[in-house]
Amino acid sequence: MHPTQTETHAVALFTQICHYRTPDDRHTHRDVAILAQRDQVFRAARAAHPECWSGETRNWTRIDTLRLTPKHRPTVGLQPAVV
């Protein structure tokens, strides 16, 4: 069984919201160290090759409250699930 386009988009959106961490990483607070390491890696890459960067690196700070259905969620390109 293959995921639908909507399911694939939902997983991608969740992954982006979570800064590419697993839910288990968040629950066990391993994400703090993961995000700190990513911040260091991106800052080092920017310092090594500033010509490749148009601005600052991504904000890798932890989001304490994660909402998958925020009040003003983006609806562009999303299609309702067909059941």
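Every value quoted in this text rests on a predicted model; they were computed, and no experiment measured them.

Notes on the overall build of the protein chain
Tallying secondary structure elements over the protein chain gives three helices and zero strands in all. Counting from the amino terminus, the protein chain carries its helices and strands in the arrangement α-α-α. In the protein chain, which comprises 83 residues, the proportion classed as buried is 11%. Restricting to contacts in the protein chain with at least 6 residues of sequence separation, those with at least 24 account for 51%.

Considerations on unusual backbone geometry
In this structure, H29 is a non-glycine residue whose phi angle is positive, near 65 degrees. Here H29 is to be found in the loop between helix 2 (23-27) and helix 3 (31-48).

Describing the pattern of salt bridges
For the structure on display, the rule yields six salt bridges. Salt-bridge contacts for D31 lead to R26; the nearest nitrogen and oxygen are separated by 4.0 Å.

Describing the side chain of D31
Position of D31 among the secondary structure elements: in helix 3. Given the relative accessible area of 0%, D31 is considered buried. Only 2.7 Å separates the side chain of D31 from the side chain of R62, close enough to count as a polar contact. Apart from residues lying up to four places away in sequence, D31 is in contact with R21, D25, R26 and R62.

A closer look at the confidence of the model for the protein chain
Confidence in the prediction of the protein chain, expressed as mean pLDDT, is 75, and 58% of residues score 70 or more. Looking at the elements of the protein chain, mean pLDDT is at its lowest for helix 1 (residues 5-17), recorded as 61, and at its highest for helix 3, recorded as 90.

A short note on the packing of aromatic side chains
All chains considered together, the criterion is met by two aromatic pairs. Ring plane angle 80 degrees and centroid distance 6.1 Å describe the contact between F42 and W53, whose orientation is recorded as edge-to-face. Placement of F42 in helix 3 and of W53 in the segment after helix 3 is noted, with a sequence separation of 11 residues between them. For F42, a relative accessible area of 31% corresponds to the partly exposed category.

Thresholds applied
Residues numbered from 1 in each chain as written. Predicted model: local features only at pLDDT ≥ 70, side-chain atom pairs only at ≥ 80, totals over all residues. Heavy atoms only, no water. Helix = DSSP H or I, 4+ residues; strand = E, 2+ residues; numbered from the N terminus. Buried < 20%, exposed > 50% of the residue type's maximum accessible area, 1.4 Å probe, protein only. Contact = heavy atoms within 4.5 Å. Salt bridge = Lys/Arg side-chain N within 4 Å of Asp/Glu carboxyl O. Polar contact = N/O pair within 3.5 Å; in protein donor to acceptor, adjacent residues only side chain to side chain. pLDDT = per-residue confidence, 0-100. Phe/Tyr/Trp six-rings, centres within 6.5 Å; stacked < 30°, edge-to-face > 60°.

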